[in-house]
Amino acid sequence: MMLSAPGGPSMLLDPNARAEDIARMRQLMGLDDPIAIQYLKWLQQVCHGNLGVSYSAGRPVFALIRDSLPATLVLSGAALSLAVTSGIALGVLSAVKRYSLVDHVITVVSFFGLSVPVFWYGLMVIMLFSVRLQLLPAGGMFTIDSTFSLGDRLQYLVLPVLVLGTVNMAEIVRYTRASMLTVLGQDYIKTARSKGIGEVKVLYQHALKNACIPVVTIIGLLLPRLVGGAAVTETVFSWPGMGRLAVSAAFERDYPTIMGITLAISAMVIVSNLLTDLCYVYLNPRIRYD
Amino acid sequence: MILTNGMYRYSRQEPLCRRLVKAIVILLCAGLSVVTTWACAEAPKRGGTLTIPLNGNPRMWPLVGGLPNILVNKVLYNYLLEYDAETLAPRGDMAERWEVSADGLVWTFYLRKQVTWHDGHPFTANDVKFSFEVRTHPDIPFYLRGNLAGLQRVEVVDEQTVKMIFDERKASLPVILGYLMDIIPEHLLKGYAPKDLLNPNEFLQRPIGTGPFKFKEFVPNSHVTLVPNEMYFEGRPYLNNMVFKIISDLDVQVAQLQTGALDFVPLEPHQLQAVAALPHIETRLARQVNYTFIGLNHTYPLFQDIRVRQALTYGLDRAAVLKTVALGKGMLSVGPISPFLEWVYHKGLRSR
């Protein structure tokens, strides 16, 4: 798919370059081989633990991913925490207060989160909190040329986490609400209430645990999306993570980097699916893996 | 080129007038008619950091292209010749002066003395010879090699004199030498095999040039920090630091300019409105020699008929495009040579 996209590695697109020099460069980069051969060569490299060298950065792809992954994990970890905690809390509240004003407000907010384009939302957040109110930095991960300080890092983290967290929260809110409504209508909840168990205990101990199974599935699907797909948020907030690396690699037709990132994200999909399956066992004792 | 030369001159020769100008915006568009001068009411003061954006990661390696790469290279390295910021005529950079033989085939360059690389090693004619031999080496597909067509060899006369010998007259050589022909250090690069010179990884961990700023730090997708070259042959730059922040989105660049996180942003005409009303931002128009055009593929039979090309050209309301797309910030071109290139532009040319 990448090779069928128009253009080629950006370094080959200089209008001043001579055709023979471009051909020479393509030969050096192995781009004159048939696609199948290029893929097999890449696969052979990967089997030897070598993801190749980035065309645009000139560095090993493994090193690029290794350097950008921590920034992405910090951002996606914080955003996921915000999305899960607030998403489940608001989803439960929305289900319990069904058709009330609170439910309607939460529904509107969650539909906003589901439908808003992240790049626009990010820019609006920057305009409000950075440009107008001048409360938080507009982008970056830390103050350049300053010594490490947790406070400094946190203030740069707030806006991208707010954007990424609330956008992903919306999905969790909707699933939690729907799932809770289904569970709250079941007989065992009525039984629990009739036994005089407190409402908080009924909600959080009896209902939520069962309602969480579809929610955990959604979180499992969000995890690789957050790590690999935070590209827009990282671009808007100049966050030096893997999503941004993927975007710039795609623009520059940096094939080895794109392949490396795809491989890394694929690994994360497998890991998150495994974690999701393990969570099912905890949430529903009837599920057992032999 | 104007923009980069402008930044270059600004950073090494002019003070940062923070009190007067918190942020300076250069409006980029084809052929602006307003001349920018870096006049400042105050006496030059030392200090300060200039933070400017890049739209991608720089390689800091002159043998490959890309705008972010070129911008950082501008202050890390030097050329043999550069362009005068006002007239754009070639003038000496690493070469103090030059002369050409009567037959036009041999160019002799007399180099600056007492120039050192950032690592303290002396700059000599061997570096110049190496820089051009690398660019014309048959195994190195340097992307601008076509510009050096006809170069037979480079001869070192003595430590400060070098000759370039061509097999044809090359009147454009002074212009070519001021365009992305950075001089690179022979003593650090001669050990690389030709195929590795497109990506000398070890050298690029800490690139060494002769320019007004030295490499300090590069965090990919975040920033590049440069510090002044205390030994720079035109004197230490006024700035304490130069930071290139890597921000790919132009709207985010403007937002960071508004917050003061950036000092300088090149703008497109449509972005002018966003900053026009802000009191702490000053916008200035910059002369540019680039142009926007529609290229017709002459291998397509239809476009081989001059009448078709003329019909398409006459049928396009260029004035309306200039007014609505470039918001009037530019001028209609009569050819690829900008009127700002006064020393080569033919003033008698008129558009039909």
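What you are looking at is a predicted structure, and each value in this text was computed from that prediction instead of being measured.

### Observations concerning the overall build of chain A
Helices and strands together make up the secondary structure of chain A, namely 11 helices and zero strands. For chain A, the sequential pattern of α-helices and β-strands runs α-α-α-α-α-α-α-α-α-α-α. Long-range contacts, defined here as pairs at least 24 residues apart, represent 68% of the contacts in chain A between residues at least 6 apart. For chain A, the exposed surface amounts to about 14900 Å²; the carbon and sulfur share of it is 68%. Here chain A contributes 22 positively and 17 negatively charged side chains, and the mean placements of these two sets differ by 13 Å.

### Concerning the interface of chain A and chain B
Interface size is often expressed as the accessible area that is lost when the parts come together. Contact residues are listed per partner, giving 34 residues for chain A and 33 residues for chain B. For the pair chain A and chain B, the summed buried surface comes to about 2800 Å²; carbon and sulfur atoms form 55% of the total. Broken down residue by residue, the surface that chain A buries against chain B is led by A:Ile144, A:Asp145 and A:Arg244, which jointly contribute 18%. Linking chain A to chain B there are zero salt bridges. Linking chain A to chain B there are four residue pairs in polar contact (both at pLDDT 80 or more). Broken down by secondary-structure element, the contributors of at least two residues to the side of chain A that touches chain B are helix H1 (19–29), helix H5 (118–132), helix H9 (231–236) and helix H10 (242–251) of chain A. Ranked by residues supplied to the side of chain A that touches chain B, first place goes to H5(A) with five residues. Grouping the constituent residues of the side of chain A that touches chain B by class yields 18 nonpolar, nine polar and seven charged.

### A short note on the sheet that holds strand S11 (residues 241–246) of chain B
Residues and elements named next belong to chain B. Across the sheet, four strands lie side by side as S2-S11-S10-S9; this open sheet has mixed pairing. Unpaired on one side and paired on the other, strand S2 (49–54) and strand S9 (213–219) mark the two borders of the sheet. For this sheet the average axis-to-axis angle between neighbouring strands, irrespective of direction, equals 20°. Of the pairings in the sheet, the one linking S2 to S11 comprises six bridges and is parallel in character. Paired with Pro53 across the two strands is Lys245, which belongs to S11.

### Observations concerning the environment of A:Val269
Among the secondary structure elements, A:Val269 is positioned in helix H11 (residues 255–283). A residue is classified by how much of its surface remains accessible, and A:Val269, at 33% relative accessible area, is partly exposed.

### Notes on the pairing of S11(B)
All names here are of chain B. The buried fraction of S11 amounts to six of the six residues, a majority that puts the element mostly inside the structure. What you see with S11 is no split at all: Asn241, Val243 and Lys245 on one side and Met242, Phe244 and Ile246 on the other are buried throughout. Of the strand pairs in this sheet, strand S10 (residues 223–228) and S11 are connected by four bridges, and their pairing is antiparallel. Residue pairing in the sheet places Thr225 in a bridge with Val243 of S11.

### Describing the nonpolar core
Side chains that are nonpolar tend, in soluble globular proteins, to be buried together. Ranked by internal contacts, the top residues of the largest apolar core, which has 62 residues, are B:Trp61, B:Leu80, B:Phe109, B:Phe132 and B:Met164. Within the second largest apolar cluster, 40 residues are counted, among which are A:Met180, A:Cys212, A:Val216 and A:Tyr280.

### Focus on the packing of helix H3 (residues 61–96) of chain A against H11(A)
Axes are the key here: two packed helices are described by the angle between their axes and the distance separating the axes. Residues and elements named next belong to chain A. In the contact formed by H3 and H11, the axes pass within 9 Å of each other and the chain directions differ by 55°. The angle between the axes of H3 and H11 places the two elements in the oblique class. Both H3 and H11 take part in a crossing whose hand is right-handed. Contacts between H3 and H11 pair Val61, Leu64, Ile65 and Leu69 from the former with Pro256, Thr257, Gly260, Ile261 and Met268 from the latter.

### A word on the environment of B:Ser338
Residue and element names in this part refer to chain B. One can find Ser338 in the segment after helix H10 (318–324). For Ser338, a relative accessible area of 7% corresponds to the buried category. When the C-alpha atoms of Ser338 and Asn290 are compared, they prove to be 7.5 Å apart, with 48 residues separating the residues in sequence. When sequence neighbours within four positions are dropped, the list of residues in contact with Ser338 reads Gln288, Val289 and Tyr345.

Each value, and the rule that gives it
- Residues numbered from 1 in each chain as written.
- Chains lettered and ligands numbered in written order.
- Predicted model: local features only at pLDDT ≥ 70, side-chain atom pairs only at ≥ 80, totals over all residues.
- Heavy atoms only, no water.
- Helix = DSSP H or I, 4+ residues; strand = E, 2+ residues; numbered from the N terminus.
- Contact = heavy atoms within 4.5 Å.
- Areas by Shrake-Rupley, 256 points an atom, 1.4 Å probe, with all protein chains shown as cover.
- Lys, Arg positive; Asp, Glu negative; His and termini not counted.
- Charge placed at Lys NZ, Arg CZ, Asp CG, Glu CD.
- Buried area = accessible area lost by both parts, 1.4 Å probe.
- Salt bridge = Lys/Arg side-chain N within 4 Å of Asp/Glu carboxyl O.
- Polar contact = N/O pair within 3.5 Å; in protein donor to acceptor, adjacent residues only side chain to side chain.
- Nonpolar A, V, L, I, M, F, W, Y, C, P; charged D, E, K, R; others polar.
- Pairing = 2+ DSSP bridges.
- Axes fitted to C-alpha atoms, helices over the stretch in contact; angles between N-to-C directions.
- Buried < 20%, exposed > 50% of the residue type's maximum accessible area, 1.4 Å probe, protein only.
- Core = buried A, V, L, I, M, F, W, Y, C linked by side-chain atoms within 4.5 Å.
- Parallel < 35°, antiparallel > 145°, perpendicular 65-115°, else oblique.
- Left-handed = near helix turned anticlockwise from the far one by under 90°.

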